[in-house]
2 protein chains.
Amino acid sequence: MEANANGSIGGVKGPTNPMASALLTDLYQFTMAYAYWKAGKHQERAVFDLYFRKNPFGGEYTVFGGLDECIRFIANFRLKEDELSYLRSVLPSTCEEGFFSYLRGINCSDVEVYAVPEGSAVFPKMPLLRVEGPVAVVQLLETPFVNLVNYASLVATNAARHRFVAGKSKILLEFGLRRAQGPDGGISASKYCYIGGFDATSNVAAGRLFGIPLRGTHSHAFISSYMSLDEIVDKRLRSHDGSFTCSDFVALAQNWLLKLRRATSLQGMFSETNQSELAAFISYALAFPSNFLALVDTYDVVRSGIPNYCAAALALNDLGYKATGIRLDSGDLAYLSIEARKFFRAIEKEFGVKDFGNTMITASNDLNEETLDALNKQGHEVDAYGIGTNLVTCYSQAALGCVFKLVEINNQPRIKLSEDVSKVSIPCKKRCYRLYGREGYPLVDIMTGENEPPPKVAQRILCRHPFSESKRAYVVPQHVEELLKCYWSGNSGKSREELPPLTKIRERCIGQLSQMRPDHMRRLNPTPYKVSVSAKLYDFIHFLWLNEAPVGELQ
Amino acid sequence: MEANANGSIGGVKGPTNPMASALLTDLYQFTMAYAYWKAGKHQERAVFDLYFRKNPFGGEYTVFGGLDECIRFIANFRLKEDELSYLRSVLPSTCEEGFFSYLRGINCSDVEVYAVPEGSAVFPKMPLLRVEGPVAVVQLLETPFVNLVNYASLVATNAARHRFVAGKSKILLEFGLRRAQGPDGGISASKYCYIGGFDATSNVAAGRLFGIPLRGTHSHAFISSYMSLDEIVDKRLRSHDGSFTCSDFVALAQNWLLKLRRATSLQGMFSETNQSELAAFISYALAFPSNFLALVDTYDVVRSGIPNYCAAALALNDLGYKATGIRLDSGDLAYLSIEARKFFRAIEKEFGVKDFGNTMITASNDLNEETLDALNKQGHEVDAYGIGTNLVTCYSQAALGCVFKLVEINNQPRIKLSEDVSKVSIPCKKRCYRLYGREGYPLVDIMTGENEPPPKVAQRILCRHPFSESKRAYVVPQHVEELLKCYWSGNSGKSREELPPLTKIRERCIGQLSQMRPDHMRRLNPTPYKVSVSAKLYDFIHFLWLNEAPVGELQ
C-alpha cells in the first residue's frame, strides 16, 4: 500500500475526531524516540501488547471497542511540518536536526496490528491488540491507542451491562451528551453505547456520523414556555388520512379532558390539570401529530401530566393518529409507571380505544444499573429507558486501566516486573485462542508462544494460570478460535481483515455476550472467566522472571 | 457585528474541537424548535440560566470553566446545507419545509450571553451563564453549552483540589491523556487542569493548542528495550562547555557505580544493579545530557534504580551537566522518596557534589487527593507529582450536574417545580452579586430581580435562602462585585468583555481560591459558602410557586 497525498495508507479514513493527530501523545514518546534514534535503536523491531488487568464495574467481562479508530489513526499517521516545528520548539535544543528529518519520513507502513475483532467479549491479561514495528514508531502510538481503546471499551461494557439488567425487550436510549466529558466524550459514548446494545441516541452529531437511530421529544422548558391555551393561534389539524380537517383541535382535546374527568373508571384520579402544560402538549401534538410523546412530570404526573397527555392523545386518535407515549423524568418511576398503565388501560376499556393500554412509557432521571435492577425487583410498567450521566461518564468506574507493554524487541522476549504480581507483564510475541466446550460456551482463553502448535479440537491441552503455580486445568476443546487477526499490515503485503460497519460490530457484541455462560454474566458474584498460558509459555515466563529480578538481601 | 464568510460573528475562532458543530445537540432541541416554529413562538425572547446544584467531590467550591469554548461555539453557530439535509432526513416527514428555511437563516446575532468570568470560584444555584435570545435558538444551545461547561468546570475543580492538598511549592504535572475519556477528554483535561493550578502536561497536542508547558522523559518500555551495555555504540559525550569530549561515557558511569558501591556512607545500600537498566539510563543521558530524568522502578528502586541513576548523573556532573532527577512510579512513595533523598544527600556530602541532595524526585502511580494527603501525613521527599487517571476522569465523581433552565419568556418569569425542593428553579432574569466582608473574604452571593437597586457598600441588605423561610442574614458589604458580565452581545451593539488568554484565566482561578475563607476550602467538613436571594426575589419565587403548583388532595 502506498501513502496517498493526505498521508493516508490504503485509503482508510482518518479518526472520527480530527484532534486525534500524531501529536496526541505524551511528550515522553518523543523524548524516547529521540533517545532510540540517538542510540541507533529506533528501527529495532518491537512487539507491544495492549491489554487491561481487571474487568470494570465489578464484572467479569469487557466489550472491546476502539479498534476501528486505532486503525484509522495509524493509516493517517504522519507528522506535518507545523507539527515538526512545534516539536523542535519544545524538545531540548541539543536534539540533532537529523532526528526531525527522521520524524518527517515516518508513517505506519512498517507497522502491523493484530487485534481481537471489535465488539468481542474480552478478558484481563489477554492482548486486545498486538502492535509490531520499529520501536520508535510503535512507542509514539502507545498513548493514542490506549486513549482510543480505554474509554471505548469501558463505555461499551457499561452499555452492555445496562442492557443485561434492562432485558432484551426494553428500548434503551442514550441521553448522555450534556453530561459527557466533553464533545467527543458525548460522541464516542453514543457510538460505543450503540455497539454495547443501546437502540438509539439523542445526540444528533453522533446520529449523523455513525447512522445511529435518533430519539427525542421535548424538555421541561418547552412545557414551561407556555402560559395558557390562548397562545395556540392555529388550532386546525388535518386528519391522518387527509379526508377532513378539525377546525379546533384545542376544543377537541379540552372536550376529551372533560370526558376523562367524568369517566367512571377514572373517578377521583384528577380534577383540574395545569393549563399551561395542556397548552404545551396540544401545541406539540399539532406539530407532531404522528410522533406525539409528552414529558408528563413538569407539574404533577398523576394529577396533571397523564390526563393532559391522554386528552391530547385521544383527540389525535379521533383524527386517525396514534400517539406514541409519555416520558417520566422524576419521582418514583415504578409507582408512576404502574399508575400511568392503569390509566391507559382504563381508557382503552371505557372508551374502546384499541391498544391505548399499551401506550409507551419511557423513564429517565439518573438511571443506572442499580436503579434498573431495583425497578425490576419492585415491578414496573416502563417500556423504554433514557440513560445519561451514569452511562456515558461511567460514573461507577470512570476509567479502564489499559496498558501497552513491550513484550519483545529484536526477537528477544522482554518482561516488566513489579512488586505487585498482577502488574508483571506476559513476555513474548504470542498467539491467543478461545477454547469452547461441549455446550458451546467459551471455556478458557489461552496464550501460547508464537511458534507453538495451536490447540486442536478434541485434543487435551494443559491451561495454566500465568503466575500461580497451582492453578491449571486440562481442557478438551470442541472448538478453537484464534483471537488475534491482522487488521493492519502496513506494506508487508499480508492480507488484512476489513473494518466492519458499526452495525456488524454491534451484532458481534450482542452475539458474543449471549454465548457466554450465564454465571460469568450475572451482576452479583459472577464467576471469573479463565485466562491461561500454555505450559511452555508458563515455564518461559518464570525463567525470564528469575533471570531479571534482583536477589534480595534480608538485613 | 456581521457574520463573515465562515459564519463566524465578530471574528471569534471556532471551538477547539471541530466536532462541536451545531448538530452537537440533543434531537429534542430540534423537535422543540419545530414545535415553537409551528406555533409561531420561535422568536419569543427567552432567558435561560445555566447552573449546577451541588459542588463536586464533597467540597464547597467549584471552578468555572468552559466559557471561552461556549463563546467560540455561538460565534460560529450556524447550520450548513449538509447538516440541514441530515436534519430533514431524521425529522418526521410531516415537518414543513419553511422550518428548514428558518433554520438555514439562524445564527447567534440575536443572542446575548452574560457570564461569570472563567476561572472564578462559583457556587450552587448561582447562574454561571445567563443566555437570552429567541427561544428556539437558545434551546438549541442548551446541550452544547452544558456539555462544554460541565466537564471543564469539573476537571478544573479537581485540579484545584489536588493543588490545594499538594501545596503551593510542589510541581504538579497532568499525565492523564491515555486514561481520559477519548481524545478531547484528554485535551480538555490538560487545558482545565492548567487553569486549576497544574504546572505542565505530558499531552503534546494540548501543549501546542494552548501553550501549556510540556513534561516527560521515558517509560518502563524504554528501560526494558535495553539488554546490555554493549548496545551503546557511540559512547562519546562532549562536555557542557564544549571544552573537551569524554570518549567513553559508559566507562565513566560504570566507574561511578563502583565508587558508589565502595562509598562509606552508602555501605550495604546495594550490590549488583540491573545492567540493562544502567544501559538504558546511560543511553538516555547521552541523548539528553542537560535534561536527564530517569524512571527508577523498573527492577528495584533502592537496589538498582537509584544507584544506576546516580552513576549516570555523577558522570554527567563530571562533564559539567546537571542531572534533573528521578521518577518513582510504584511502591511506597513516601518511603522510597525518603530513601532516595538520603542517598542523594549522602553523595553530596561524601563526594562534594553541590546541590546533589536536592535532586528532584517526581512521584506518579494512581495518585489522587487522598494519596497526596496520606503522603503529607506520613512525611515524604517528593518534589513533583505526575497525576493521571484520577485527575482527568474525575474518578471520584465523574460528572457535574449542570442544568439549563428557562427563567423568563416574553418578560414573564417562569419556574420549574419538582417534588425535590433542590430541583426547583429560581425564576426571573436576575442580577448576581458577590458581597465581601471586612477581612476581604467573600461572605455571600446574592441574586436580585433585574430591576432591583444593586447592593451598596456599607449598606445593610437582607440575604435570604431561596427556599428555606428561616434562613436569612443581614450583611453589610465592604465591597460589592457584580458577577455576570456580558461576553456575547450578538449584534445588539452592547459592549462585551474580551476573552482573556489561558494564563489570565489560570491566574484568576488561583487568585479567587486564595481569597476564599479557609474553612470553605478545607477537605474535611468544609463550611458551605452561602448563596442567597433578595427579600423581594424571595417573595416573588414563593408567589409563583404557589400559583403553579396543583393543590393536593389527601385521600
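Predicted model only: the values in this text are computed from it and were never measured.

1. Description of the overall build of chain A
Point 1. Helix and strand counts for chain A come out as 17 helices and 22 strands.
Point 2. With the C-alpha coordinates of chain A rotated into their principal frame, the extents come out at 85 × 55 × 55 Å.
Point 3. Taking all 555 residues of chain A together, the buried fraction comes to 64%.
Point 4. Partitioning the contacts of chain A with sequence separation of at least 6, the portion at a separation of at least 24 is 73%.
Point 5. When the accessible surface of chain A is split by element, carbon and sulfur atoms take 49% of a total near 20200 Å².
Point 6. Of the side chains in chain A, 62 bear a positive and 59 a negative charge, and the two mean positions are spaced by 4 Å.

2. Observations concerning the packing of aromatic side chains
All names here are of chain A.
Point 1. Taken as a whole, this structure holds 42 aromatic pairs over all chains when the rule is applied.
Point 2. Sitting above the plane of the phenylalanine 100 ring, arginine 88 keeps its charged end 4.9 Å from the centroid.
Point 3. Lying across the ring of tryptophan 256, lysine 259 places its NZ or CZ 3.9 Å from the centre.

3. As for the interface of chain A and chain B
Point 1. With 112 residues of chain A in contact, the opposing surface of chain B contributes 111 residues.
Point 2. Interface of chain A and chain B: buried area, both sides summed, is about 9500 Å²; carbon and sulfur atoms make up 57% of it.
Point 3. For the chain A face of the interface with chain B, the top three residues by lost area are Met19, Arg178 and Gln181 of chain A, together amounting to 9%.
Point 4. For glutamate 231 of chain A, the salt bridge goes to lysine 41 of chain B, with nearest N and O atoms at 2.6 Å.
Point 5. Put simply, chain A and chain B have 47 residue pairs in polar contact (both at pLDDT 80 or more) between them.
Point 6. Sort the elements by how many residues they give to the side of chain A that touches chain B and helix 1 (residues 27–38) of chain A lands first, with ten residues.
Point 7. The class makeup of the residues in the side of chain A that touches chain B is 53 nonpolar, 37 polar and 22 charged.

4. Concerning the pattern of salt bridges
All names here are of chain B.
Point 1. Under the criterion given, the structure shown has 75 salt bridges over all chains.
Point 2. A salt bridge links arginine 161 to glutamate 369; the shortest N-O distance between them is 2.9 Å. Pair noted here: arginine 161 is in helix 5 (residues 135–166) and glutamate 369 is in helix 13 (residues 369–378), with a separation of 208 residues, a long-range link. Glutamate 369 shares its class with arginine 161; the two are buried.

5. Some remarks on helix 2 (residues 67–75) of chain A
All names here are of chain A.
Point 1. Within helix 2, nine of the nine residues are buried, which leaves the element mostly enclosed by the surrounding structure.
Point 2. Within the span of helix 2, buried status applies to Leu67, Asp68, Glu69, Cys70, Ile71, Arg72, Phe73, Ile74 and Ala75.
Point 3. Here the buried face of helix 2 lies against strand 3 (112–115), strand 5 (129–134), helix 5 (135–166), helix 6 (183–195) and strand 21 (485–488).

6. Quick word on the relation of the copies chain A and chain B
Point 1. Rotating chain A by 180° and translating it 0.0 Å along the rotation axis places it on chain B, where the RMSD comes to 0.1 Å. One copy is carried onto the other by what is essentially a two-fold rotation axis.
Point 2. Taken as a fraction of all interface residues of chain A, those also at the interface in chain B reach 99%, which identifies the copy contact as same-surface.

7. Looking at the UniProt feature "domain: Nicotinate phosphoribosyltransferase N-terminal" (unreviewed entry) in chain A
Point 1. Per the UniProt entry, the sites bearing "domain: Nicotinate phosphoribosyltransferase N-terminal" (unreviewed entry) are residues 23–150 of chain A in this numbering.
Point 2. Each end of residues 23–150 of chain A is marked by a C-alpha atom, and these two atoms are 18 Å apart; helix forms 44% of the span and strand 16%.

8. A closer look at the pairing of strand 14 (residues 403–409) of chain B
Point 1. Most of strand 14 of chain B is tucked away, with seven of its seven residues classed as buried.
Point 2. Between strand 14 of chain B and strand 15 (residues 412–413) of chain B, which pair antiparallel and follow one another directly, the connecting turn spans two residues, one of which, asparagine 410 of chain B, has a positive phi of 50°.

9. Side note on the packing of helix 9 (residues 249–262) of chain B against helix 10 (residues 275–287) of chain B
Residue and element names in this part refer to chain B.
Point 1. For the pair helix 9 and helix 10, interaxial distance at closest approach is 10 Å and the crossing angle is 125°. Classed by the angle they form, the pair helix 9 and helix 10 counts as oblique. The hand of the helix 9/helix 10 crossing is right-handed. On helix 10, the residues that touch Phe249, Val250, Ala253, Gln254 and Leu257 of helix 9 are Gln275, Leu278, Ile282, Ala285 and Leu286.
Point 2. The class makeup of the residues in the contact of helix 9 with helix 10 is eight nonpolar, two polar and no charged.

10. What about the UniProt feature "domain: Nicotinate phosphoribosyltransferase C-terminal" (unreviewed entry) in chain A?
Point 1. The UniProt record annotates "domain: Nicotinate phosphoribosyltransferase C-terminal" (unreviewed entry) at residues 429–540 of chain A.
Point 2. Spanning residues 429–540 of chain A, this segment combines 21% helix with 32% strand, and its end C-alpha atoms are found 12 Å apart.

11. What to know about the pairing of strand 11 (residues 325–328) of chain B
All names here are of chain B.
Point 1. On strand 11, burial covers both faces: Gly325 and Arg327 on one face and Ile326 and Leu328 on the other are all buried.
Point 2. Across three bridges, the pairing between strand 10 (residues 293–295) and strand 11 is parallel. Pairing of alanine 294 across the sheet is with isoleucine 326, part of strand 11.
Point 3. Of the strand pairs in this sheet, strand 11 and strand 12 (residues 360–363) are connected by four bridges, and their pairing is parallel. Across the sheet, residue glycine 325 finds its bridge partner in strand 12, namely methionine 360.

12. Structural notes on the sheet that holds strand 3 (residues 112–115) of chain B
All names here are of chain B.
Point 1. Strand order in this open sheet of six strands is 15-14-1-5-3-21, and the pairing throughout is antiparallel. Of all the strands in the sheet, just strand 15 and strand 21 (485–488) have a single pairing partner and so form its edges.
Point 2. As judged from the four bridges shared by strand 3 and strand 5 (residues 129–134), these two strands associate in the antiparallel manner. Counted as the bridge partner of tyrosine 114 is arginine 130 from strand 5.
Point 3. Helix-sheet contacts for helix 2 (residues 67–75) involve strand 3, strand 5 and strand 21, and the interaxial angle to strand 21 is about 45°.
Point 4. Packed onto the sheet, helix 5 meets strand 1 (45–51), strand 3, strand 5 and strand 14 and runs at close to 155° relative to strand 5.

Criteria and thresholds
- Residues numbered from 1 in each chain as written.
- Chains lettered and ligands numbered in written order.
- Predicted model: local features only at pLDDT ≥ 70, side-chain atom pairs only at ≥ 80, totals over all residues.
- Heavy atoms only, no water.
- Helix = DSSP H or I, 4+ residues; strand = E, 2+ residues; numbered from the N terminus.
- Buried < 20%, exposed > 50% of the residue type's maximum accessible area, 1.4 Å probe, protein only.
- Contact = heavy atoms within 4.5 Å.
- Areas by Shrake-Rupley, 256 points an atom, 1.4 Å probe, with all protein chains shown as cover.
- Lys, Arg positive; Asp, Glu negative; His and termini not counted.
- Charge placed at Lys NZ, Arg CZ, Asp CG, Glu CD.
- Phe/Tyr/Trp six-rings, centres within 6.5 Å; stacked < 30°, edge-to-face > 60°.
- Lys NZ or Arg CZ within 6 Å of the ring centre and 35° of its normal.
- Buried area = accessible area lost by both parts, 1.4 Å probe.
- Salt bridge = Lys/Arg side-chain N within 4 Å of Asp/Glu carboxyl O.
- Polar contact = N/O pair within 3.5 Å; in protein donor to acceptor, adjacent residues only side chain to side chain.
- Nonpolar A, V, L, I, M, F, W, Y, C, P; charged D, E, K, R; others polar.
- Least-squares fit on C-alpha atoms with pLDDT ≥ 70 in both.
- UniProt positions renumbered as here; feature names shortened; annotations may be inferred.
- Pairing = 2+ DSSP bridges.
- Axes fitted to C-alpha atoms, helices over the stretch in contact; angles between N-to-C directions.
- Parallel < 35°, antiparallel > 145°, perpendicular 65-115°, else oblique.
- Left-handed = near helix turned anticlockwise from the far one by under 90°.

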